[in-house]
Amino acid sequence: MRRRKLTWHLGLGPAVGNVFWAMIGIEAAFGAYVGIWPLWIEALGAPITLVGLILGVQGILRLVTLAPSAALAERFDPAKLIVWSRVATLIGLVTAGLATHWTMLAPMIIGTAIGEIAFPLTQAHLAANARENRVRAFTLVFNVGPAVAFGVAPLIAGGLIALYGMRSAFFFAAACTAFSIFFFARFKTAERPEEEQESRSPSTYREALAEPHIKSLLTLQSLAIFSMALGISLLPTFLNDARGIPPSIVAIMGGIGSVGAIIYGLIVARSRKLQTFPLVSIAIAVCFVIATFVICLFAYSPWIIGIAFIGRGGLWSAWGLFVAALGEITRTDRIRPRVFTLSEMIGGTSWSAAPVLSGQLYAISPNMPLVAGIIACGALVPVLIGLQKRLGNRLGPGVSQLSPVESFEPEVT
């Protein structure tokens, strides 16, 4: 039997392979610093209540930068928009590593917000090239692959922090961002005939929200991410303050959550039933996060807490499944970038808004954010299952017979 030759795109095809490696770079960058980001803000002189507020400001800036992204992609080259948005993130990470006071983190906050433009445009690129089995493709490219990077990067960052201090994590994140930019720069944009460009009317967010079930899915996505982020956002600070775990170990623990995301992502990618009923899959992922909160609340051993962090990967699994379901149920390829942009805006805002409340709860008691997260996530599980029962299999693979998104041209070897 002839053995299949291993290629740089791992058999996904060059166009999808570029997305895979670009997302590896993005998640490696995020994993390098996210575990110590609250600690770094605090180390630069910000009080705990201000730490939560700074984290929350990013949600507002995400709205400002993401809102016009789909319209900009209809007027300018989407591939170039992606590259330049990630360059802004690269600059922000470098300045964060050089900062000596929390007020000097403004370029980091602004740069990472601008960099979010890349996500909905990249999702549209993948939807164009994945064609069939989008849930599976999104799970592999936006969950499994990045989860591996998110697991390895904190291990490297933890070693760098132990040797050179917390600022070294941001320089490592900048290097990972440069890696992702290399693959983003390989995206190809399709040339449309002039008459087709004239007949293709601009899409609107009103059209996107008018799609069946889109509002329900976006609302659930917002609630789910907010509920999970409520306990996760200040978890590094909790482990450092209440459990005495040093920042280098906290950074490494942050990567352990990727193990859970990888395992669960592979299970979803191989299970047609989990792909057909993604809201049930999301409910399972939320239960993993609840388990992490409960164990962290009552355990003191770093080893037990480290194992519990496997369940934290449920957040990334759930987020990716929401995006996959939205992409699958959207009937018109013309407005799919708008749907993805709304998803990123709402999801990112929920992720960034949760620390504002967490900071206030933490000031009352370090345990409060975890307790609130357990209650909120627990209430959400039956809602997810109930909505899936009402929708049946309308969110699964093959629901919509969609033509590829024409924003990008698939590459050929």
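So, how was this worked out
- Residues numbered from 1 in each chain as written.
- Predicted model: local features only at pLDDT ≥ 70, side-chain atom pairs only at ≥ 80, totals over all residues.
- Heavy atoms only, no water.
- Helix = DSSP H or I, 4+ residues; strand = E, 2+ residues; numbered from the N terminus.
- Buried < 20%, exposed > 50% of the residue type's maximum accessible area, 1.4 Å probe, protein only.
- Contact = heavy atoms within 4.5 Å.
- Core = buried A, V, L, I, M, F, W, Y, C linked by side-chain atoms within 4.5 Å.
- Patch = residues over 30% accessible without salt bridge, like charges linked within 9 Å, V, L, I, M, F, W, Y side chains within 5 Å.
- Areas by Shrake-Rupley, 256 points an atom, 1.4 Å probe, with all protein chains shown as cover.
- Salt bridge = Lys/Arg side-chain N within 4 Å of Asp/Glu carboxyl O.
- pLDDT = per-residue confidence, 0-100.
- Axes fitted to C-alpha atoms, helices over the stretch in contact; angles between N-to-C directions.
- Parallel < 35°, antiparallel > 145°, perpendicular 65-115°, else oblique.
- Nonpolar A, V, L, I, M, F, W, Y, C, P; charged D, E, K, R; others polar.
- Phe/Tyr/Trp six-rings, centres within 6.5 Å; stacked < 30°, edge-to-face > 60°.
- Lys NZ or Arg CZ within 6 Å of the ring centre and 35° of its normal.
- Expected span 1.5 Å × (residues − 1).
- Polar contact = N/O pair within 3.5 Å; in protein donor to acceptor, adjacent residues only side chain to side chain.

Regarding the overall build of the protein
Then, number 1: When helices and strands are tallied, the protein shows 20 helices and 0 strands.
Then, number 2: Expressed as a percentage of its 413 residues, the buried residues of the protein come to 58%.
Then, number 3: Put simply, 85% of the contacts in the protein that link residues at least 6 apart link residues at least 24 apart.

A short note on the side chain of Q221
Then, number 1: Residue position: Q221 is located in helix α12 (residues 214-232).
Then, number 2: With relative accessibility at 0%, the residue Q221 sits in the buried group.
Then, number 3: Leaving out residues up to four positions away in the same chain, Q221 has contacts with W319, F322, V323, L326, S343 and G347.

Some details on the nonpolar core
Then, number 1: With 115 residues, the main nonpolar core has W37, F170, L239, W351 and L384 as its most contacted residues.
Then, number 2: Looking at this core, the element that brings in the most residues is helix α1 (residues 14-33), giving 12 residues.
Then, number 3: Residues contacting F170, with those up to four places away along its chain left out, are Y33, I36, W37, W40, L93, A96, G97 and M108.

Considerations on the environment of L81
Then, number 1: Summarising the element assignment, L81 is placed in helix α5 (residues 78-98).
Then, number 2: Sequence spacing of L81 and G115 is 34 residues, and the spatial spacing of their C-alpha atoms is 9.6 Å.
Then, number 3: When neighbours within four sequence positions are excluded, L81 is seen to be in contact with L72, A73, F76 and L121.

As for a nonpolar patch on the surface
Then, number 1: Taken together, the side chains of V259, I263, I267, I307 and I310 present a nonpolar region at the surface, about 430 Å² in accessible area.
Then, number 2: When residues of the nonpolar patch are assigned to their parent elements, the largest contribution, 3 residues, is made by helix α14 (residues 247-270).
Then, number 3: Within the secondary structure, I267 is located in helix α14.
Then, number 4: Overall, I267 belongs to the partly exposed group, its relative accessible area being 43%.

Notes on the confidence of the model for the protein
The predicted structure's coordinates, where accompanied by low pLDDT, should not be read in detail.
Then, number 1: A residue-level look at the protein finds 86% of positions with pLDDT of 70 or above and a mean pLDDT of 81.
Then, number 2: Mean pLDDT across the elements of the protein ranges from a minimum in helix α10 (residues 194-199), with 44, to a maximum in helix α9 (residues 167-184), with 95.
Then, number 3: pLDDT under 50 marks residues 192-199. Its contacts with residues more than four places away, or in other chains, come to 5 contacts.
Then, number 4: Overall, residues 398-413 carries pLDDT values under 50, and its contacts beyond four positions in sequence, including any with other chains, amount to 56 contacts.

Some thoughts on the packing of α12 against helix α18 (residues 314-329)
Then, number 1: Direction vectors running N to C along α12 and α18 enclose 170 degrees, while the axes themselves pass 10 Å from each other. Classified by the angle between their axes, α12 and α18 sit roughly antiparallel to one another. Across from I214, L217, L218, L220, Q221, A224, I225, M228 and I232 in α12, the residues of α18 making contact are G314, L315, A318, W319, F322, V323, A325, L326 and I329.
Then, number 2: Within the contact of α12 with α18, the residues separate by chemical class into 16 nonpolar, 2 polar and no charged.

Considering the packing of aromatic side chains
Then, number 1: Summed over all chains, the structure comprises 14 aromatic pairs.
Then, number 2: The interplanar angle of 15 degrees and the centroid separation of 6.4 Å between the aromatic rings of W316 and W319 together place this pair among those described as stacked. A residue pair is termed a helical-turn pair when its members lie 3 or 4 positions apart in one helix, as W316 and W319 do in helix α18 at 3 residues.
Then, number 3: The exposure class assigned to W316 is buried, which follows from its relative accessible area of 18%.
Then, number 4: You can call W319 buried: its relative accessible area is 13%.
Then, number 5: An aromatic cluster is present here, built from F30, Y33, W37, W40, F170, W316, W319 and W351 joined pairwise through their rings.
Then, number 6: Lying over the aromatic face of Y300, R243 brings its terminal NZ or CZ to 4.0 Å of the ring centre.

Here's the deal with the side chain of T112
Then, number 1: Within the fold, T112 resides in helix α6 (residues 106-115).
Then, number 2: Once residues lying within four places of it in the same chain are set aside, the contact partners of T112 are Y33, Q58 and T89.

Notes on α5
Then, number 1: With 21 residues, α5 extends 31 Å between its outermost C-alpha atoms, agreeing within 8% with the 30 Å of an ideal straight helix rising 1.5 Å per residue.
Then, number 2: Buried within α5 we find P78, A79, I82, V83, S85, R86, A88, T89, G92, L93, A96 and G97.
Then, number 3: Between a side-chain oxygen at the N-terminus of α5 and the backbone nitrogen of A79 the separation is 3.0 Å; the capping residue is D77.

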